[in-house]
Amino acid sequence: MSEESTQKKKLKNPIRFLIHLNEEQKLAKQIILENKVTVLKGQAGSGKSLVAAQVALDLLFKKEVEKVILTRPAVNAGEELGFMPGDKDAKLAPYVAAIYDNMYRLYSKEKIDKEIAEGNIEIIPLAFMRGRNFTNCCVVVDEAQNVTSKQMELLLGRICVGAKMVLCGDNSQIDLKDSKQSGFHFLCTNFNDIEGFKVVTLKTNHRDPIVEHILRVYDHFR
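Everything numeric in this text was worked out from a predicted model, so none of it was measured.

About the criteria used
Residues numbered from 1 in each chain as written. Predicted model: local features only at pLDDT ≥ 70, side-chain atom pairs only at ≥ 80, totals over all residues. Heavy atoms only, no water. Pairing = 2+ DSSP bridges. Helix = DSSP H or I, 4+ residues; strand = E, 2+ residues; numbered from the N terminus. Axes fitted to C-alpha atoms, helices over the stretch in contact; angles between N-to-C directions. Contact = heavy atoms within 4.5 Å. Buried < 20%, exposed > 50% of the residue type's maximum accessible area, 1.4 Å probe, protein only.

A. Just the sheet that holds strand β6 (residues 197-201), in detail. Reading across from one edge, β3-β2-β4-β5-β1-β6 is the order of the six strands in this open sheet, with parallel pairing throughout. Each end of this open sheet is capped by a strand with a single partner; those strands are β3 (121-123) and β6. Adjacent strand axes in the sheet meet at a mean angle of 20°, parallel and antiparallel pairs treated alike. Sheet strands touched by helix α3 (residues 48-61): β1 (37-41), β2 (67-71), β3, β4 (137-141) and β5 (164-169). Its angle to β5, the strand with the most contacts, is close to 165°. Contacting β2, β3 and β4, helix α5 (residues 97-106) runs over the sheet at an angle of about 140° to β2.

Here is the structure:
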């Protein structure tokens with residue numbers, strides 16, 4: 001296939017998403033597009049997962065990546081759910097529900113479900129990462145504050161040509177039994193001199209204004 005034909009296959013017009021990003025989120029998106037690895041920091045309700053989902057879908061629909069890979073640590077917010085039936089996708093689905101919800105908000109559910117059915121949007125549990133290589137894809141890591149240092153090293157070591165990784169997290173929402181095991185703070189503070197790596201902090205609250213005041217009280221007494 002000629003280069004000209006390949007270019008014709010790529011969608012050049014902007015994707016018509018159902019939700020528009022604000023200026024802060026647009027800047028974050030631009031930073032993600034310009035870098036290989038981007039960390040999106042921000043409190044609950046700052047739109048981290050929404051921005052990551054929008055960028056991933058944009059790249060997929062424009063055929064700039066071959067697939068979107070979704071992952072997050074199977075760590076609960078202080079409540080054990082016990083045995084969950086089904087295959088790996090069914091088991092991990094509750095953990096990536098937030099990303100799916102954002103994708104459904106951003107674009108038609110029919111289109112998203114079609115991409116999932118065709119394997120263009122794939123869930124990969126962190127436990128299955130060893131031996132995998134990320135090539136020509138966009139990897140979205142949600143709840144990255146619950147990724148241990150060892151898991152973080154494993155994730156970052158999977159990046160190959162044409163891959164882009166977005167890690168969404170918030171140090172104030174660590175659910176690990178030992179918060180010192182989290183590799184998120186180390187990630188945010190020790191890689192800033194690496195070309196192609198950026199940390200972006202989203203500050204605008206997109207939930208009810210009361211959430212911001214509530215979180216401020218918790219931060220004060222934490």
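B. The arrangement of the pairing of β1 in detail. Within β1, four of the five residues are buried, leaving the element largely enclosed by the surrounding structure. In this sheet, β5 lies alongside β1 in parallel orientation, the contact comprising five bridges. Among the inter-strand pairings, Thr-38 is bridged to a residue of β5, identified as Val-166.

C. Spatial organisation of unusual backbone geometry. Phi is positive for Asn-136, which is not a glycine, with a value near 50°. Summarising the element assignment, Asn-136 is placed in the loop between β3 and β4. Accessibility expressed as a relative area gives 29% for Asn-136, which makes it partly exposed. Phi is positive for Glu-143, close to 50°, though the residue is something other than glycine. The exposure class of Glu-143 is partly exposed, given its relative accessible area of 22%.

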